[in-house]
Number of protein chains: 4
Amino acid sequence: MGLKEVQDEVDKWISQYKIEYWKPHEILARLTEETGELAREINHIYGPKKKKSSEETKELSDEIADIIFTLSCLANSLNLNLDESFQRVMYKCYVRDNNRFEKK
Amino acid sequence: MGLKEVQDEVDKWISQYKIEYWKPHEILARLTEETGELAREINHIYGPKKKKSSEETKELSDEIADIIFTLSCLANSLNLNLDESFQRVMYKCYVRDNNRFEKK
Amino acid sequence: MGLKEVQDEVDKWISQYKIEYWKPHEILARLTEETGELAREINHIYGPKKKKSSEETKELSDEIADIIFTLSCLANSLNLNLDESFQRVMYKCYVRDNNRFEKK
Amino acid sequence: MGLKEVQDEVDKWISQYKIEYWKPHEILARLTEETGELAREINHIYGPKKKKSSEETKELSDEIADIIFTLSCLANSLNLNLDESFQRVMYKCYVRDNNRFEKK
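Residues numbered from 1 in each chain as written. Chains lettered and ligands numbered in written order. Predicted model: local features only at pLDDT ≥ 70, side-chain atom pairs only at ≥ 80, totals over all residues. Heavy atoms only, no water.

1. Quick word on the overall build of chain A
Line of reasoning, step 1. From N to C terminus, chain A includes four helices and zero strands.
Line of reasoning, step 2. Listed N to C, the secondary structure of chain A is α-α-α-α in terms of helices and strands.
Line of reasoning, step 3. Taking 104 residues into account, the globule formula puts the C-alpha radius of gyration at 13 Å, and chain A, at 17 Å, lies well above it.
Line of reasoning, step 4. Referenced to the eigenvectors of the C-alpha coordinate spread, the extents of chain A come out at roughly 45 × 40 × 25 Å.
Line of reasoning, step 5. In chain A, buried positions account for 55% of the 104 residues.
Line of reasoning, step 6. By sequence separation, contacts in chain A at least 24 residues apart represent 67% of the contacts at least 6 residues apart.
Line of reasoning, step 7. Accessible surface, chain A as shown: approximately 4900 Å² in total, 48% of it carbon and sulfur. (Helix = DSSP H or I, 4+ residues; strand = E, 2+ residues; numbered from the N terminus. Rg over C-alpha atoms; globule rule 2.2 N^0.38 Å. Buried < 20%, exposed > 50% of the residue type's maximum accessible area, 1.4 Å probe, protein only. Contact = heavy atoms within 4.5 Å. Areas by Shrake-Rupley, 256 points an atom, 1.4 Å probe, with all protein chains shown as cover.)

2. Quick look at the relation of the copies chain A and chain C
Line of reasoning, step 1. You can overlay chain A on chain C at an RMSD of 0.0 Å; the transform is a turn of 180° with a shift of 0.0 Å along its axis. As the rotation angle and translation indicate, the two copies are arranged about a two-fold axis. Across chain A, the rotation axis passes nearest the C-alpha of His 25 of chain A, at a separation of 3.0 Å.
Line of reasoning, step 2. Counting the interface residues of chain A, we find that 100% of their copies in chain C are interface residues as well, pointing to one common contact surface. (Least-squares fit on C-alpha atoms with pLDDT ≥ 70 in both.)

3. Some details on the interface of chain A and chain C
Interface extent is often summarised as the accessible area lost during association of the parts.
Line of reasoning, step 1. Every contact between the two is made by seven residues of chain A and, on the other side, seven residues of chain C.
Line of reasoning, step 2. For the pair chain A and chain C, the summed buried area comes to about 470 Å², and 70% of that belongs to carbon and sulfur atoms.
Line of reasoning, step 3. Linking chain A with chain C are zero salt bridges.
Line of reasoning, step 4. Scanning the region where chain A abuts chain C turns up zero residue pairs in polar contact (both at pLDDT 80 or more).
Line of reasoning, step 5. In terms of residue class, the side of chain A that touches chain C is made up of two nonpolar, two polar and three charged. (Buried area = accessible area lost by both parts, 1.4 Å probe. Salt bridge = Lys/Arg side-chain N within 4 Å of Asp/Glu carboxyl O. Polar contact = N/O pair within 3.5 Å; in protein donor to acceptor, adjacent residues only side chain to side chain. Nonpolar A, V, L, I, M, F, W, Y, C, P; charged D, E, K, R; others polar.)

4. Focus on the interface of chain C and chain D
Line of reasoning, step 1. In this complex, chain C contributes 58 residues to the contact, which on the side of chain D involves 58 residues.
Line of reasoning, step 2. Regarding the contact of chain C and chain D, the summed buried area is about 5800 Å², with carbon and sulfur atoms giving 70% of it.
Line of reasoning, step 3. Taken as a group, Trp 13, Tyr 17 and Phe 86 of chain C account for 11% of the area that chain C buries against chain D, more than any other trio of residues on that side.
Line of reasoning, step 4. Connecting chain C to chain D are four salt bridges.
Line of reasoning, step 5. Across the pair Arg 88 of chain D and Asp 62 of chain C runs a salt bridge whose closest N-O atoms are separated by 2.8 Å.
Line of reasoning, step 6. Between chain C and chain D we count 16 residue pairs in polar contact (both at pLDDT 80 or more) in total.
Line of reasoning, step 7. Every element with two or more residues in the side of chain C that touches chain D is listed here: helix H1 (2–14), helix H2 (24–46), helix H3 (54–77) and helix H4 (82–95) of chain C.

5. Topic: the packing of helix H1 (residues 2–14) of chain A against helix H4 (residues 82–95) of chain B
Line of reasoning, step 1. Interhelical geometry of H1 of chain A versus H4 of chain B gives an angle of 10° and a closest axis separation of 11 Å. Looking at the two axes, H1 of chain A sits roughly parallel to H4 of chain B. Residue-level contacts link Val 6, Glu 9, Val 10, Lys 12 and Trp 13 of chain A of H1 of chain A to Phe 86, Gln 87, Met 90, Cys 93 and Tyr 94 of chain B of H4 of chain B. (Axes fitted to C-alpha atoms, helices over the stretch in contact; angles between N-to-C directions. Parallel < 35°, antiparallel > 145°, perpendicular 65-115°, else oblique.)

6. Here we look at the relation of the copies chain C and chain D
Line of reasoning, step 1. After a rotation of 180° and a shift along the axis of 0.0 Å, chain C superposes on chain D with an RMSD of 0.0 Å.
Line of reasoning, step 2. Same-surface contact between copies: 100% of interface residues of chain C are shared with the interface of chain D.

7. Describing the packing of aromatic side chains
The description of an aromatic ring pair uses the distance of the two centres, along with the angle that the planes make with each other.
Line of reasoning, step 1. Following the criterion strictly, the structure yields 16 aromatic pairs over all chains and no others.
Line of reasoning, step 2. Residues Trp 13 of chain D and Tyr 17 of chain D carry aromatic rings whose centres are separated by 5.3 Å and whose planes lie at 70° to one another, so their mutual orientation is edge-to-face.
Line of reasoning, step 3. On the accessibility criterion, Trp 13 of chain D (4% relative accessible area) is buried.
Line of reasoning, step 4. Grouped by ring-pair contacts, the aromatic residues Trp 13, Tyr 17 and Phe 69 of chain A together with Phe 101 of chain B constitute a single cluster. (Phe/Tyr/Trp six-rings, centres within 6.5 Å; stacked < 30°, edge-to-face > 60°.)

8. Quick look at unusual backbone geometry
Line of reasoning, step 1. Its identity as a non-glycine residue notwithstanding, Asn 79 of chain B has a phi of 55°, on the positive side.
Line of reasoning, step 2. Owing to a relative accessible area of 72%, Asn 79 of chain B belongs among the exposed residues under this scheme.

9. Some words on the state of the cysteines
When the sulfur atoms of two cysteines share a covalent bond, that bond is a disulfide.
Line of reasoning, step 1. Enumeration over the complete set of coordinates arrives at zero disulfides over all chains.
Line of reasoning, step 2. The thiol of Cys 93 of chain D is unpaired, and the distance to the nearest cysteine sulfur, on Cys 73 of chain C, comes to 8.1 Å.
Line of reasoning, step 3. Exposure remark for Cys 93 of chain D: the relative accessible area of 7% places this residue in the buried category. (Disulfide = S-S within 2.5 Å.)

10. Describing the environment of Glu 5 of chain A
All names here are of chain A.
Line of reasoning, step 1. Among the secondary structure elements, Glu 5 is positioned in helix H1.
Line of reasoning, step 2. Under the relative-accessibility criterion, Glu 5 is labelled partly exposed at 34%.
Line of reasoning, step 3. Separated by 81 residues in sequence, Glu 5 and Phe 86 place their C-alpha atoms 13 Å apart.

11. Examining helix H1 (residues 2–14) of chain D
Line of reasoning, step 1. Taking 1.5 Å as the rise per residue, H1 of chain D with 13 residues should run 18 Å; its terminal C-alpha atoms sit 19 Å apart, in good agreement.
Line of reasoning, step 2. Regarding H1 of chain D, the residues found buried are Gly 2, Leu 3, Val 6, Gln 7, Val 10, Trp 13 and Ile 14 of chain D. End-on, the buried residues of H1 of chain D take up no more than an arc of 130°, which puts them together on one face.
Line of reasoning, step 3. Of the surrounding secondary structure, the elements contacted by the buried residues of H1 of chain D are H1, H3 and H4 of chain C together with helix H3 (54–77) and helix H4 (82–95) of chain D. (Expected span 1.5 Å × (residues − 1). Arc of directions from axis to C-beta.)

12. Let's talk about the pattern of salt bridges
One side chain can pair with another of opposite charge once the charged atoms of both are near each other.
Residue and element names in this part refer to chain D.
Line of reasoning, step 1. Following the criterion strictly, the structure yields 19 salt bridges over all chains and no others.
Line of reasoning, step 2. Here Asp 8 makes a salt bridge to Lys 4, at a shortest N to O gap of 3.0 Å. Placement of both Asp 8 and Lys 4 in helix H1 is noted, with a separation of four residues, approximately one turn of the helix.
Line of reasoning, step 3. By relative accessible area, Lys 4 is classed as partly exposed at 40%.

What follows is the structure in structure tokens.
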């Protein structure tokens, strides 16, 4: 599945080294930092200053990938299976929110 | 690749409806909200109160998946390719950070 | 000064109890949680749903105060003087950013 | 009171210029960015790397003040009275949470 691949790729990189995953609170702090960088990018491109270019959209995309990298570290460090969780999230969308919006 | 599947699954769900993706700042606010829920879960399980159970770890995992759902919405709304970005992030890891930590 | 009063009021409340301030990472996680609640409120009032009432603005204001409470806990736990820091921030505004915007 | 002073000082600086406060979502994105900078500082000082000095604690304190500056902008832009909200927060502490922790 999709997210397993991502988690594995992060784990393969980390496992070359003698380091270990950080503690949950430390990874969360890193996540907060990365989310802040995405926020800066969004204000920069879509905010009060509004200058958009494809170069900047690429940076924004890379900030999202940085967040996913950090989330994968958290999941790996706690042996979490993100594909299972993502399937639960999608299931909730289809079941619980099925009539929440007007269908096409 | 991994994240394309995730993005496609989110888009398939959204595209049933007449709604559109929210604006970047609105999705960012949602991301901030979801990150807050993950933070609460982490403080609950690993923080000052420290009561851990497999049920709670499952919730933590689902909070991560909620964040990835939200990031996929942002990426889809802006036509971003997260697999490309994730590959750039991993490339940076292998190239730039190659000698940053002691190898096994 | 302004923020000293706020810090003192928080400390007076905490010091009734046998508890201590949490560790920096734990308070940061709490801050992330509170920021998420503010984000939800902002999306609720100014976001895609857009229903505004004075009751909701009051809740938004209280979410900001919750964040300031949490920041005061962090500052108190580390013996930080927020008035001094705030004066440095304002000084930077007046000096560094003095010609950044057009004056009236 | 304490926070009124802070709000007034921010407003005095802004009101020299022809600019206006940003929209709530834009200020929230800025808040997310500033919170990220605080998170980086906390990981730097108390995280996996652990090198603490008084210089760094000063920077951490200034990051908190940056957040309070941003929150004051949000409050000013929406005509919110943070002292009233802060008093409500403290009132909740004294009333609702009065027996939550063991007293000295």
